[in-house]
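# An overview of the molecular structure
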Amino acid sequence: MIWLTWRQFRTPAAVLFAAVAVLAAALAASGPQLADLYRTAGSSLVDQVSSADQTLYYTGLLVVLAVPAVIGMFWGAPLISRELETGTHYLAWNQGVTRTRWLAIKLGLGAAASMTAAGLTSLAVSWWSSPIDRAVNGGGATDTYFPRLDPVAFAARGVVPMAHAAFAFVLGVALGLVIRRTLPAMVTTFALYTAAQIAVPMWIRPHLATADRTVLPIEPGGAPISIQDGARQLVAHLEEMPGSGSPPSRRWTPPVRRPPCRRPSPTACAPSRAGPPCSRSRAASPTSAPWATSSR
């Protein structure tokens, strides 16, 4: 059974591993030079990367992100759906090998090969991109390159692509078993895997960790407070002072952008059905708040 599985699987496996080898050779040609440049330039490396290396950076990201989807489409989806569509399951599942053993060997070898291909690709790309990642984490400009914990870079580094490959492979096998047709199963696998890769970083992952809290003092005439990008809420604790009339605390949540008031009439800021109400601006008092807390 293992020999039969290998004979059926060797052609797609050879194609994918050959592509991984070509990518690894291209990365190995310029990787040492990029590492030497980082040792001399430090965090300013991001400003000295050549256009060819920049293209290779984004190519490596795309390849690592695409490998699990390709595995799910071409390895996982046809595994069972092809047998059901062509009718060969009547012969394959009525031999001396039981259905459980047949499925276990197919899934075991397929999942192992999938994780190996994704792991080798991630290893090559992570090694080549490590100088750029360290430069960005060290304070380099992030307008061109992704920080290490950005959803795009996080999905293309370390062992994460291996987990994605296993998920895509099992997803393709399950959809092939349900749909029972190869081409629709491949298309559905790609669509659902892509939807999962978009939905998890945007709507699920932010709720898996406790929000960061930063406490900063507010002093009269002091330096302005820098609010982190993506801050969800700002809580200002205002102490009662003579003549200030300030409440003990105020909670500010980033509102929808509203147009400023331009008319002095009392009804200038009244809500209307045509759009959100406008807002008035007010200068902060230097005696209003001794400290503030921002959370993400």
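Below you will find a few notes about this structure. (Residues numbered from 1 in each chain as written. Predicted model: local features only at pLDDT ≥ 70, side-chain atom pairs only at ≥ 80, totals over all residues. Heavy atoms only, no water.)

## Digging into the overall build of the protein
Helices and strands together make up the secondary structure of the protein, namely 7 helices and 4 strands. When its helices and strands are written in sequence order, the protein yields α-α-α-α-α-α-α-β-β-β-β. Out of the 296 residues in the protein, the part that is buried amounts to 32%. A fraction of 70% describes how many contacts in the protein between residues 6 or more apart in sequence connect residues 24 or more apart. Summed over all atoms, the accessible surface of the protein reaches about 18200 Å², with 63% contributed by carbon and sulfur. (Helix = DSSP H or I, 4+ residues; strand = E, 2+ residues; numbered from the N terminus. Buried < 20%, exposed > 50% of the residue type's maximum accessible area, 1.4 Å probe, protein only. Contact = heavy atoms within 4.5 Å. Areas by Shrake-Rupley, 256 points an atom, 1.4 Å probe, with all protein chains shown as cover.)

## As for the packing of aromatic side chains
What the rule picks out here adds up to 6 aromatic pairs. Their ring planes at 85 degrees and their centres at 5.2 Å tell us that Y57 and Y58 sit as a pair that is edge-to-face. Accessibility expressed as a relative area gives 0% for Y57, which makes it buried. On the numbers, 4.9 Å between centres and 90 degrees between planes, the contact of Y57 with Y145 is edge-to-face. (Phe/Tyr/Trp six-rings, centres within 6.5 Å; stacked < 30°, edge-to-face > 60°.)

## A closer look at the environment of F9
With respect to the helices, strands and loops of the structure, F9 is situated in helix α1 (residues 2-41). Residues F9 and L79, 70 residues apart in the sequence, show an inter-C-alpha distance of 9.6 Å. Residue contacts for F9: discarding those within four places in its chain leaves W75 and A113.

## Some points on the environment of G31
Along the polypeptide, G31 turns up in helix α1. Separated by 97 residues in the primary sequence, G31 and W128 place their C-alpha atoms 5.1 Å from one another. Setting aside residues no more than four positions away along its own chain, G31 makes contact with W127 and W128.

## Regarding the pattern of salt bridges
For the coordinates displayed, the defined rule picks out 2 salt bridges. With its nearest N and O atoms 2.0 Å apart, the salt bridge here joins R39 to D36. Taken together, the residues R39 and D36, both in helix α1 and 3 residues apart, mark about one turn of the helix. A relative accessible area of 40% places D36 in the partly exposed class. Its salt-bridge partner being R157, residue D133 comes within 2.8 Å of it at the nearest N-O pair. Of this pair, D133 sits in helix α4 (residues 99-137) while R157 sits in the loop between α5 (151-154) and α6 (160-179); the two residues are 24 residues apart in sequence, bridging distant segments of the chain. (Salt bridge = Lys/Arg side-chain N within 4 Å of Asp/Glu carboxyl O.)

## Observations regarding the side chain of T121
Mapped onto the fold, T121 is located in helix α4. For T121, a relative accessible area of 1% translates into the label buried. Excluding anything up to four places from it in sequence, T121 contacts V20, L23, V63, V64 and V67.

## Regarding the packing of helix α2 (residues 51-86) against α6
Interhelical geometry of α2 versus α6 gives an angle of 25 degrees and a closest axis separation of 7 Å. Between α2 and α6, the angle falls in the class roughly parallel. Between α2 and α6 lies a crossing whose hand is right-handed. The residues of α6 that touch α2, namely those facing V64, P68, I71, G72, W75, G76, A77, L79, I80, S81 and L84, are P161, H164, A165, A168, F169, G172, V173, G176 and L177. Class assignment for the residues of the contact of α2 with α6 results in 14 nonpolar, 6 polar and no charged. (Axes fitted to C-alpha atoms, helices over the stretch in contact; angles between N-to-C directions. Parallel < 35°, antiparallel > 145°, perpendicular 65-115°, else oblique. Left-handed = near helix turned anticlockwise from the far one by under 90°. Nonpolar A, V, L, I, M, F, W, Y, C, P; charged D, E, K, R; others polar.)

## Details of the side chain of S81
Along the polypeptide, S81 turns up in helix α2. Owing to a relative accessible area of 0%, S81 belongs among the buried residues under this scheme. With residues up to four places along the chain from it excluded, the contact list for S81 reads G176, R180, R181, T182 and A185.

## Focus: the nonpolar core
Of all hydrophobic cores here, the largest spans 18 residues; its most connected members are L27, W128, I132 and Y145. Those elements giving two or more residues to this core turn out to be α1, α2 and α4. Of all the elements, α4 adds the most residues to this core, at 6 residues. Residues contacting Y145, with those up to four places away along its chain left out, are V46, V49, Q54, Y57, Y58, I132 and V136. (Core = buried A, V, L, I, M, F, W, Y, C linked by side-chain atoms within 4.5 Å.)

## What to know about a nonpolar patch on the surface
Together, I198, V200, M202, W203, I204 and L208 make up an exposed nonpolar region whose accessible area comes to about 640 Å². Given a relative accessible area of 44%, I198 falls into the partly exposed group. (Patch = residues over 30% accessible without salt bridge, like charges linked within 9 Å, V, L, I, M, F, W, Y side chains within 5 Å.)

## Considering unusual backbone geometry
Here the phi dihedral of R180 falls at roughly 70 degrees; this positive angle occurs in a residue that is not glycine. Along the chain, the position of R180 falls in the loop between α6 and α7 (182-204).

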